[in-house]
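Geometric and topological summary
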2 protein chains.
Amino acid sequence: MAKISALEGPMSFSVETLREAGLRPTRQRISLAKLLFDGVDRHVTAEALHAEAQAAGIRVSLATIYNTLHQFTEVGLLRQVVVDGARTYFDTNIDDHHHFYFEDEGDLVDIPGDSIVVSGLPNVPAGTTQSRVEVVVRVKGRRRS
Amino acid sequence: MAKISALEGPMSFSVETLREAGLRPTRQRISLAKLLFDGVDRHVTAEALHAEAQAAGIRVSLATIYNTLHQFTEVGLLRQVVVDGARTYFDTNIDDHHHFYFEDEGDLVDIPGDSIVVSGLPNVPAGTTQSRVEVVVRVKGRRRS
DNA sequence: TCAATTATTTAGAACGGTTCTAAGGTGAAA
DNA sequence: TTTCACCTTAGAACCGTTCTAAATAATTGA
Ligand SMILES: [Mn+2]
Ligand SMILES: [Mn+2]
Ligand SMILES: [Zn+2]
Ligand SMILES: [Zn+2]
């Protein structure tokens, strides 16, 4: 139960979520989960989340940011998106969906999964199982203001 | 003109290709181009190509491998494929196509572009231009034999 | 309540793929 | 052949990420 905050927007995270995932609700995990899940869906890098935590006055090391992002991913609260070899993005939207990637800005924007149809996919080879179909639309240029 | 070899398979590369691209046909570039383009299409990493060159008795530094892969990409002889944050793949198939990615093996396999239809894509924002639509089918498990 | 146990956090070192630097080598033009 | 811009290279640097091991915090259960 235990609402984390009674004041800030849509309540999409509770301490129970962590317990059910087998993760102790530490100060760091609770704070980061609030940043990540109390609001609209987002795509973050480790360094960006670290900077955001600092700015919010949350004392947490970069190592813990990495640990937490990976643990949240393991338990299905986040997913990784690979669009750039230089950094890893983590996505709070775990529904089936796809992405625009704005190469000049390093920015991801969701494309709802049901707005795209991918047809004609070959079957996967014997002995293997398909885990996901990912569509990335790479975009160049700057969006207007 | 100048065929590179009269003996080894389909001739898909000539020194003229380099010259037309504004690249001097050096010993290293010619050798690497032969490895890359004289044969079926492939997906290579820098380190894998370096190992292959060594094994073939081609003396070339890793720095030159990176330089060459990037130069070939700039002039459109290769394209990059991003499927794994840990390493960069270069693809000799520059036609519009998509990929299976075998996560357990780190292996890419082509899906012909015309065998997949992606429909329902939203328009890109004003001020930007779509550069490519990439479909990656992630696959787990080992292929038989 | 409060040790005992176990999980978590952390600073800093290490890692690994990639890029950079600057010095020597090479291809092409004339 | 000379000249010069281009190219190659060893090794250092870079940088996002992972590892290590010691300190700290959450949980358990007497
Ligand atoms: Mn959500
Ligand atoms: Mn080809
Ligand atoms: Zn997303
Ligand atoms: Zn390919």
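You'll find the structure just up there.
What you see is a predicted model, and the numbers here were worked out from it, not measured in a lab.

1. Topic: the overall build of chain A
The number of helices and strands found in chain A is four helices and seven strands. Each helix (α) and strand (β) of chain A, taken in turn from the N terminus, gives the series α-α-β-α-α-β-β-β-β-β-β. Contacts in chain A between residues at least 24 apart in sequence constitute 46% of all its contacts with a sequence separation of at least 6. Split by element, the accessible area of chain A, about 7700 Å² in all, is 49% carbon and sulfur. Counting 16 positive and 19 negative side-chain charges, chain A places the averaged centre of each group 6 Å from the other.

2. Describing the nonpolar core
Of all hydrophobic cores here, the largest spans 22 residues; its most connected members are L36(B), F37(B), L69(B) and F72(B). Listed by contribution, the elements that provide at least two residues to this core are α1 (15-20), α2 (27-37), α3 (46-55) and α4 (62-74) of chain B. The residues contacting F37(B), other than those within four sequence positions of it, are S12(B), F13(B), F72(B), L77(B), L78(B) and T92(B). Core analysis: the second largest hydrophobic core is formed by 21 residues, V60(A), L69(A), L78(A) and F90(A) among them.

3. Considerations on the pairing of strand β5 (residues 107-112) of chain A
All names here are of chain A. With six bridges connecting them, strand β4 (residues 97-102) and β5 associate as antiparallel partners. From the neighbouring strand, F102 faces β5, where its bridge partner is D107. Between the end of β4 and the start of β5, which pair antiparallel, lie four residues, with G106 showing a positive phi angle near 65°.

4. A look at the coordination of the zinc ion (ligand 4)
Six octahedrally arranged donors around a metal ideally form angles of 90 or 180 degrees; four tetrahedrally arranged donors ideally form angles of 109.5 degrees. Residues and elements named next belong to chain B. For the zinc ion (ligand 4), the full set of protein donor atoms is H43 (NE2), D91 (OD), H97 (NE2), H99 (NE2) and D110 (OD), at a range of 2.0 to 2.2 Å. Between consecutive donor residues of the zinc ion (ligand 4), the sequence gaps follow H-x47-D-x5-H-x1-H-x10-D. Residue H43 is found in strand β1 (residues 43-44), and its partner D91 is found in strand β3 (residues 89-91); the two are separated by 48 residues along the sequence. The exposure class assigned to D91 is buried, which follows from its relative accessible area of 0%.

5. With respect to the protein's contact with DNA strand C
In the neighbourhood of DNA strand C, 23 residues make up the surrounding shell, with T26(A), R29(A), R19(B), Y66(B) and H70(B) lying closest. For DNA strand C, the fraction of atoms within 4 Å of the protein that belong to sugar or phosphate moieties is 82%. Here a phosphate oxygen of DNA strand C sits 2.4 Å away from a polar atom, N or O, in the side chain of Y66(B). Taking A86(B), its main chain carries an N or O atom lying 3.4 Å from a sugar or linking oxygen of DNA strand C. Counting residues per element, the ones that place at least two in the surface near DNA strand C are α2 (27-37) and α4 (62-74) of chain A together with α4 of chain B. In terms of residues, the surface near DNA strand C owes the most to one element, α4(B), which gives four residues. Class assignment of the residues belonging to the surface near DNA strand C gives a composition of eight nonpolar, seven polar and eight charged.

6. Here we look at a negative patch on the surface
On the surface, a cluster of negative charge is contributed by D41(A), D95(A), D96(A) and D114(A). Secondary-structure assignment places D114(A) in the loop between β5 and β6 (117-119).

7. Points about the coordination of the zinc ion (ligand 3)
Residue and element names in this part refer to chain A. Here the zinc ion (ligand 3) is held by the protein donor atoms H43 (NE2), D91 (OD), H97 (NE2), H99 (NE2) and D110 (OD), which lie 2.0 to 2.2 Å from it. Between the donor residues of the zinc ion (ligand 3), the gaps in sequence give the motif H-x47-D-x5-H-x1-H-x10-D. Here H97 falls in the buried class, since its relative accessible area comes to 3%.

8. Quick notes on the layout of surface pockets
To find leftover empty space, a probe the size of one water molecule is rolled over the atoms. The calculated volume of the largest pocket comes to roughly 470 Å³. Of all the secondary structure elements, the ones that give two or more residues to the lining of the largest pocket are β2 (79-81) and β7 (129-140) of chain A together with β7 (129-140) of chain B.

9. What to know about the sheet that holds β1(B)
Note on sheets: strands pair through backbone hydrogen bonds, and any given pair is parallel or antiparallel. Residue and element names in this part refer to chain B. Taken in spatial order, the three strands make up an open sheet running β1-β3-β2, and their pairing is antiparallel. Two strands close off the open sheet at either side, each with one partner strand: β1 and β2 (79-81). By the bridge criterion, two bridges tie β1 to β3 in an arrangement that is antiparallel. Among the inter-strand pairings, V44 is bridged to a residue of β3, identified as F90.

What counts, and where the lines are drawn
- Residues numbered from 1 in each chain as written.
- Chains lettered and ligands numbered in written order.
- Predicted model: local features only at pLDDT ≥ 70, side-chain atom pairs only at ≥ 80, totals over all residues.
- Heavy atoms only, no water.
- Helix = DSSP H or I, 4+ residues; strand = E, 2+ residues; numbered from the N terminus.
- Contact = heavy atoms within 4.5 Å.
- Areas by Shrake-Rupley, 256 points an atom, 1.4 Å probe, with all protein chains shown as cover.
- Lys, Arg positive; Asp, Glu negative; His and termini not counted.
- Charge placed at Lys NZ, Arg CZ, Asp CG, Glu CD.
- Core = buried A, V, L, I, M, F, W, Y, C linked by side-chain atoms within 4.5 Å.
- Buried < 20%, exposed > 50% of the residue type's maximum accessible area, 1.4 Å probe, protein only.
- Pairing = 2+ DSSP bridges.
- Donors = N, O, S within 2.8 Å, 3.2 Å for Na, K, Ca; no water.
- Near = heavy atom within 4 Å.
- Polar contact = N/O pair within 3.5 Å; in protein donor to acceptor, adjacent residues only side chain to side chain.
- Nonpolar A, V, L, I, M, F, W, Y, C, P; charged D, E, K, R; others polar.
- Patch = residues over 30% accessible without salt bridge, like charges linked within 9 Å, V, L, I, M, F, W, Y side chains within 5 Å.
- Salt bridge = Lys/Arg side-chain N within 4 Å of Asp/Glu carboxyl O.
- 1 Å grid on protein atoms, 1.4 Å probe; cavity = no way out; pocket = protein on both sides within 12 Å on 5 of 7 lines; lining within 4 Å.
- Points joined across faces, edges and corners; volume = space filled by probe spheres on them.

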